[in-house]
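Below are the chains, spelled out letter by letter.
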Amino acid sequence: MNPICVLSRFHPVGQGLFFSGHFCTKGDRRFSYVFDCGSVSSRSYLEGEISHLRDHLQGNPIDLTCLSHFDKDHVNGLRQLLSECGTKVLVMPYVRLADRILIALESDANGPYLQFLVDPVAFMQAGELAADEVILVEGGADYPDAPPSDDNNDDDSSHEGSNEEYSFVPDLPPGDDVSELDTPLLADNTKMSKVRISSHDQTITMRGLWEFVFYNEHRPDLDLTQFEKSILALIDECWNKNNYTLSDDFLPRARKIYEDTFGKGGRNANRISLVMYSAPLKRRKFVDWRHYHPIEFEHYLWHCFDIMRPKRYNRNVHVLGSQISGLLLTGDIFFTSATGVQNARTHFGGRRWNRIEVLQVPHHGSSESWHVGASNLFQHRVSVFSSKAGNRKHPGKMVLDDLASTWLVRVTETDPFSVIGWI
């Protein structure tokens, strides 16, 4: 028997979100992925966790990095993460230029954050940060194909022998070329050739083992042609190619263009959040850790995952029960109505939805992003909130009460949370 050990970890970064997942076999790292990397708490928490992950990777790049949306508390550590660790594949939501500018206006962005919002692809592909592949995921009416059925669950014999039957190299989806609107500052054609737009009905899979499925909530289409044309002209006028900066008058002038087009107040773009489902392609019988001698188990566990500190079992480590199932990483999506949750469930399909074991509760558990009764539309067992200790708004009491039947886990600047299982 040669099991694959799977670790999912919510890193302690305070008010933000930093998640990583890892696959190992007998101490050999096979695949790692990250979902979001940001915090508005003390920078030291985020930097410490990035350094810890870098040491754990031992010079290997992250295989897959996904960014849910462009708020600071989800993105402001990503550039450092890629600088120190690198990544093979970078996945981001497809966000039109007009919406990126609106986020900049709503947050009064400046400096590197403003440059990121104007062109997140160019910002993340600068210098040595370049990913091998960049995939921008847009929404759409089509749904991903269903995963294999659970009717014929694997028995223990399926774990015998080598892991070579599994592929740890992901199959990436096809896509379309990007335009100047998508990446106005990426003049390097070599880097642009690595970027493509893919619909959320396309999945990333490791054949026979695992899948990553995305959901980009549909938003009404508006005619933004003239606005985006004006913004492109302003970018060209304000961009300093010598020092890679935008002039100080860019944002005030962009605000005037925006208000002349949409009026003051405009429309709220900050509802965009790419959701990622991460789970086995099929439910498999769990290889119970208690079959190992406790000393052997801990040696194997910590040899594989030295990223976990302190090196002891405590309430922040969850060993899965009878079966290893999936995670739903939601970023800051708004689940403020039953329709919103049902749309996500319909997209992923009932088979995947029923495999969700761990839910990252949207927007750190904010009551503004949840509705009473939403918990009835899930069947998960663990609800994770990532926020600053002592924050009375995140998570909100209404959300905590609604999810009270699940295991409520608070990830703060000092308390991580990890889930361990085998397949």
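Engineer: Report on helix α4 (residues 97-107), specifying residues and quantitative values.
Structural biologist: Of all eleven residues that make up α4, nine are buried, and the element is covered over most of its length. Every buried residue belonging to α4 is among Leu97, Ala98, Asp99, Arg100, Ile101, Leu102, Ile103, Ala104 and Leu105, and all of these are buried. Where α4 ends, the next residue or the one after it, aspartate 108, has phi of about 50°, a positive value.

Engineer: Explain the pairing of strand β2 (residues 16-25) to me, using residue names and the numbers behind them.
Structural biologist: Here β2 lies mainly inside the structure; ten of its ten residues are buried. Side chains Gly16, Phe18, Ser20, His22 and Cys24 project from β2 onto one buried face, and the interleaved Leu17, Phe19, Gly21, Phe23 and Thr25 project onto a second face that is buried too. Where strand β1 (residues 5-10) meets β2, six bridges bridge the pair, whose relative direction is antiparallel. From the neighbouring strand, valine 6 faces β2, where its bridge partner is phenylalanine 23. In this structure, the hairpin formed by β1 and β2 is closed by a connection of five residues, where glycine 14 is found at a positive phi of approximately 80°.

Engineer: Give me the lowdown on the pattern of salt bridges, citing residues and values where you can.
Structural biologist: Where charged atoms from two side chains of opposite charge come close, those side chains can pair. Summed over the entire model, instances satisfying the criterion amount to 14 salt bridges. Put simply, arginine 54 and glutamate 84 hold a salt bridge, and the shortest N to O gap is 2.9 Å. One end of the pair, arginine 54, is in helix α1 (residues 43-57); the other, glutamate 84, is in helix α3 (residues 78-85), and 30 residues separate them in sequence. Judged by relative accessible area, which is 31%, arginine 54 ranks as partly exposed. Under the relative-accessibility criterion, glutamate 84 is labelled partly exposed at 30%. Here arginine 196 ties to glutamate 133 by a salt bridge, and the two come within 2.6 Å at their closest N and O atoms.

Engineer: Outline the confidence of the model for the protein chain, listing residues and values.
Structural biologist: Counting all residues, the mean pLDDT for the protein chain is 83, and 81% of those residues have values of 70 or more. Scored below 50 in pLDDT, residues 154-161 shows 17 contacts in the model against residues more than four places distant or in partner chains. Taken together, the stretch residues 309-314 has pLDDT below 50 and engages in twelve contacts with residues farther than four places along the chain or on a different chain.

Engineer: For the packing of aromatic side chains, give the residues involved together with the corresponding values.
Structural biologist: The full count for this structure, using the stated rule, is 19 aromatic pairs. Both rings, one in phenylalanine 23 and one in tyrosine 33, keep their centres 6.5 Å apart while their planes meet at 35°; by these two values the pair is tilted. Of this pair, phenylalanine 23 sits in strand β2 while tyrosine 33 sits in strand β3 (residues 28-39), and the two are ten residues apart along the sequence. By relative accessible area, which is 0% here, phenylalanine 23 ends up buried. According to the relative accessible area criterion, tyrosine 33 is buried, its value standing at 2%. Taken together, a centroid distance of 5.7 Å and an interplanar angle of 80° make the contact between phenylalanine 116 and phenylalanine 123 edge-to-face.

Engineer: How would you explain the sheet that holds strand β17 (residues 382-386) if you had to name every residue and give the values?
Structural biologist: The strand order across the open sheet formed by seven strands is β9-β10-β13-β15-β16-β17-β18, and the pairing between neighbours is mixed. For this open sheet the edge positions go to β9 (204-206) and β18 (407-411), each flanked by a neighbour on one side alone. Strand-to-strand, the axes of this sheet are offset by a mean angle of 15°, without reference to chain direction. Judged from the three bridges that link them, β9 and strand β10 (residues 210-216) form a sheet pairing that is antiparallel. Bridge pairing in β10 places isoleucine 204 opposite phenylalanine 212.

Engineer: Account for α3, with residues named and values stated.
Structural biologist: Among all positions in α3, only Leu78, Gln80, Leu81, Leu82 and Cys85 are buried. Glycine 86, located one to two residues past α3, shows a positive phi value of around 75°.

Engineer: Would you mind going over the environment of glutamate 106 in detail, with residue names and values included?
Structural biologist: Tracing the chain through its elements places glutamate 106 in helix α4. Between the C-alpha atoms of glutamate 106 and arginine 255, which are 149 residues apart in sequence, the distance is 9.6 Å.

Engineer: Go over the packing of α1 against α3 with me, naming the residues and quoting the values.
Structural biologist: Angle between the axes and distance between the axes: these two values describe a pair of packed helices. Where α1 contacts α3, the two axes come as close as 10 Å, and the packing angle between them is 25°. Classed by the angle they form, the pair α1 and α3 counts as roughly parallel. For the pair α1 and α3, the sense of crossing is right-handed. Seen from α1, the contacting residues are Arg43, Glu47, Ile50, Ser51, Leu53, Arg54 and Leu57; seen from α3, they are Gln80, Leu81, Glu84 and Cys85.

Engineer: Can you explain the environment of proline 174? Please cite residues and give values.
Structural biologist: With respect to the secondary-structure elements, proline 174 resides in the loop between β6 (133-138) and β7 (176-177). As for proline 174 and serine 198, which are separated by 24 residues in sequence, their C-alpha atoms are 6.5 Å apart. In this structure proline 174 touches Arg196, Ile197, Ser198 and Gln202, once residues within four positions along its chain are discounted.

Calculation rules
Residues take numbers from 1 onward in each chain, read along the sequence in its written order. Where local features are concerned, this predicted model is filtered to residues with pLDDT of at least 70; where side-chain atom pairs are given and counted, the filter is 80 or more; whole-chain, interface and lining totals use all residues. The basis for the side-chain values is all heavy atoms of the structure; hydrogens and waters are excluded. With a 1.4 Å probe rolled over the protein chains alone, any residue whose accessible area is under 20% of its type maximum counts as buried; one over 50% counts as exposed, and the rest are partly exposed. Numbering of helices and strands runs from the N terminus, with a helix taken as a DSSP run of H or I at least four residues long and a strand as a DSSP run of E at least two residues long. Two strands pair if DSSP finds at least two bridges between them. Should a side-chain nitrogen of Lys or Arg be within 4 Å of a carboxyl oxygen of Asp or Glu, the pair is scored as a salt bridge. Per residue, pLDDT measures the predictor's confidence, with a range of 0 to 100. In what follows, a contact means two residues having at least one pair of non-hydrogen atoms within 4.5 Å. Working definition: a ring pair exists when centres of Phe, Tyr or Trp rings (six-membered ring for Trp) sit within 6.5 Å. Plane angles under 30 degrees give stacked, over 60 give edge-to-face, the rest tilted. For helices, the axis comes from a line fit to the C-alpha atoms of the stretch in contact; other axes are also lines fit to C-alpha atoms, and the angle between any two N-to-C directions lies between 0 and 180 degrees. Angles below 35 degrees are treated as roughly parallel, those above 145 as roughly antiparallel, those between 65 and 115 as roughly perpendicular, and all remaining angles as oblique. Definitions for this section: a left-handed crossing has its near helix turned counterclockwise from the far helix by less than a right angle. A right-handed crossing has that turn clockwise.

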